[in-house]
Amino acid sequence: MKIIKIVIQVAFLTLIYLAGSMISNYLDIPIPGGIVGLVILFLLLQLKIIKVEWIEKGADWLLAELMLFFIPAAVGIVNYQKAIGSKWVSLLIVIVLSSLTVMAVTGLTAQYISKRGRGAVNGSSDKNR
Amino acid sequence: MVLLTKIVSILFTYLVYKISKQSYSRWNLFFLTPLLISPIVLIILLIATHTSYDSYYSGSKWLSFLLGPATVSFALPMYRQLKLLKKHLFEIIASITAGSAAAIISSFFYALWLQLGPSLTTSLVPRSITTPVAMDISKTIGGVPTLTAVFVIITGITGALVGPLWIRMLKIEKSTAKGLMLGMSAHGAGTSKAFELGELEGTFASIAMIVAALITIILAFTIFPVLQSELLI
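Bear in mind that the values here come from a model prediction, so they are computed numbers and not experimental data.

Rules behind the numbers
Residues numbered from 1 in each chain as written. Chains lettered and ligands numbered in written order. Predicted model: local features only at pLDDT ≥ 70, side-chain atom pairs only at ≥ 80, totals over all residues. Heavy atoms only, no water. pLDDT = per-residue confidence, 0-100. Helix = DSSP H or I, 4+ residues; strand = E, 2+ residues; numbered from the N terminus. Contact = heavy atoms within 4.5 Å. Phe/Tyr/Trp six-rings, centres within 6.5 Å; stacked < 30°, edge-to-face > 60°. Buried < 20%, exposed > 50% of the residue type's maximum accessible area, 1.4 Å probe, protein only. Domains from an automatic or database assignment. Buried area = accessible area lost by both parts, 1.4 Å probe. Salt bridge = Lys/Arg side-chain N within 4 Å of Asp/Glu carboxyl O. Polar contact = N/O pair within 3.5 Å; in protein donor to acceptor, adjacent residues only side chain to side chain. Nonpolar A, V, L, I, M, F, W, Y, C, P; charged D, E, K, R; others polar. Patch = residues over 30% accessible without salt bridge, like charges linked within 9 Å, V, L, I, M, F, W, Y side chains within 5 Å. Areas by Shrake-Rupley, 256 points an atom, 1.4 Å probe, with all protein chains shown as cover. Expected span 1.5 Å × (residues − 1).

**A few points about the confidence of the model for chain A**
For any part of a model where pLDDT is low, the fine detail of the predicted coordinates should not be relied upon. Residue and element names in this part refer to chain A. Across chain A, the average pLDDT comes to 86, with 90% of residues at 70 or higher. Mean pLDDT across the secondary structure elements of chain A bottoms out at helix H7 (residues 121-128), with 41, and peaks at helix H1 (residues 2-27), with 94. Note on residues 119-129: pLDDT is under 50 here. Beyond four places in sequence and across chains, it has six contacts.

Have a look at this one:
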């Protein structure tokens, strides 16, 4: 019974995704269907057009198994041995160093603001909105 | 026969994923994370059975397709935690803008330093964000979308693997900051990791992933062309 519920809800979420893709194509915007669909679902929930219970089980399942959906593309690395060739060590260095840089910049900025912002949150956020 | 290949490729992907996920939660060794070990096992299986990637992907692409509805599903944690997100709005926008700029600029300069050439460099630039957006941006700025997709995956695996250690070394204690840095640098894979740390971390990683995609679209069409025309010859 639980599986049937998940399947129906995932099908519903897929419809929202397809609608998002159509809108993104039609308007010719660089924002992909998934993100447009996310905004649509958020608005549907926020405006109480659909109930959380209608999608909750399906959405929680998709999010819990998220890594599964990355795997087929990751296996695709086998097809790029030629294009990447001898440069894979350099590529790996760039990706690792850049990831560390991005995490440090993001994490330290966020932590600095949240520590400093205690008590003065409203002032700083209003100014920058 | 063709249909059978498709079904088998989906079943095996699911099976390998489930087994690695269970062993990961049982022994808690970082290299057992499904994102790293499952593709390796599957590649070995493909080579051992002389199966081409194309025939494997003809079936398993349906699993990739579910990334779309999964992206839509991120609306749910955002809806549940809306109050919290509003409260931290400035922290989110500021740190993700800084992070997105750091992603573009640092990929560009590290690639320049290691002399990777224009096409690989451009393909590396959008790699911190979720696959479909990254591929779109790559196409528009003159990269190779399929290569970008590969880099996005490697970035995701890297972030999920080194993220927790890097968080400790940088002494990041705030849950919000932990979530933001994982979602910013490693998109869905980082978000999945963040949910392992906690509900709050996961929620902030989800919002980071979404905001990062939007801000990177803007930056890729503003600051990147300047870098490109000045330095990439």
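Let's pick the thread back up.
**Remarks on the packing of aromatic side chains**
Taken as a whole, this structure holds seven aromatic pairs over all chains when the rule is applied. Arranged with centres 5.5 Å apart and planes meeting at 90°, the rings of B:Phe108 and B:Phe109 form a pair that is edge-to-face. Taken together, a centroid distance of 6.0 Å and an interplanar angle of 80° make the contact between B:Phe108 and B:Phe224 edge-to-face. You can see B:Phe108 sitting in helix H7 (residues 89-113) and its partner B:Phe224 sitting in helix H13 (residues 223-231), a full 116 residues away along the chain. Overall, B:Phe224 belongs to the buried group, its relative accessible area being 0%. Within the aromatic cluster, the residues linked to one another by ring pairs are A:Tyr17, B:Trp62 and B:Phe65.

**Considering the domain arrangement of chain B**
All names here are of chain B. According to the domain assignment, chain B consists of domain 1 (2-65) and domain 2 (78-231). For domain 1 and domain 2, the distance between their C-alpha centroids amounts to 26 Å. When domain 1 packs against domain 2, close to 470 Å² is buried across both sides, 75% of that on carbon and sulfur atoms. Its largest share of buried area at the contact with domain 2, domain 1 owes to Tyr24, Leu35 and Leu36, together 74% of the area lost on that side. Applying the counting rule to domain 1 against domain 2 returns zero salt bridges. For the interface between domain 1 and domain 2, the tally reads two residue pairs in polar contact (both at pLDDT 80 or more). For the side of domain 1 that touches domain 2, a count of residues per class yields four nonpolar, one polar and no charged.

**Quick notes on the domain arrangement of chain A**
One can read the domain layout of chain A as domain 1 (1-64) and domain 2 (73-120). Computed from C-alpha atoms alone, the centre-to-centre distance between domain 1 of chain A and domain 2 of chain A is 28 Å.

**Quick look at unusual backbone geometry**
Phi at A:Lys48 is positive, roughly 60°, even though this residue is not glycine. Along the chain, A:Lys48 falls in the loop between helix H2 (33-46) and helix H3 (52-64). For A:Lys48, a relative accessible area of 64% gives the class exposed. The phi dihedral of B:His50 falls on the positive side, at around 55°, and the residue is not glycine. Following the sequence through the fold, B:His50 ends up in the loop between helix H2 (34-48) and helix H3 (53-65).

**Here we look at a nonpolar patch on the surface**
A contiguous nonpolar patch, built from A:Trp88, A:Val89, A:Leu92, A:Ile93, A:Val96, A:Leu97 and B:Trp113 and spanning about 640 Å² of accessible area, is present on the exposed surface. It is helix H6 (residues 88-116) of chain A that contributes the most residues to the nonpolar patch, six residues altogether. Mapped onto the secondary structure, A:Ile93 falls in helix H6. By relative accessible area, which is 35% here, A:Ile93 ends up partly exposed.

**Let's talk about H1(A)**
The periodicity of an α-helix, 3.6 residues per turn, causes residues three or four places apart in sequence to face the same way. Residues and elements named next belong to chain A. Here H1 contains 26 residues, and its C-alpha end-to-end distance of 38 Å stays within 8% of the 38 Å for a straight helix at 1.5 Å per residue. Along H1, the residues that are buried comprise Ile6, Gln9, Val10, Leu13, Thr14, Ile16, Tyr17, Gly20, Ser21 and Ser24. The positive-phi residue at the C-terminal boundary of H1 is aspartate 28, with phi of around 55°.

**Regarding the pattern of salt bridges**
Pairs can form between side chains of opposite charge once their charged atoms are near each other. One pass over the structure, following the stated rule, counts six salt bridges over all chains. Linking A:Glu56 and B:Arg80 is a salt bridge whose minimum nitrogen-to-oxygen distance equals 3.2 Å. Residue A:Glu56 is found in helix H3, and its partner B:Arg80 is found in helix H5 (residues 75-80); the two belong to separate chains. A:Glu56 gets classed as partly exposed once you look at its relative accessible area, which sits at 27%. Between B:Glu173 and A:Lys115 there is a salt bridge; the shortest N-O distance is 3.6 Å. Of the two residues, B:Glu173 is situated in the loop between helix H10 (145-169) and helix H11 (175-197) and A:Lys115 in helix H6; the pairing between them involves two chains. Judged by its relative accessible area of 46%, A:Lys115 falls in the partly exposed class. In this structure, a network of salt bridges that share partners links the residues A:Glu56, A:Asp60 and B:Arg80.

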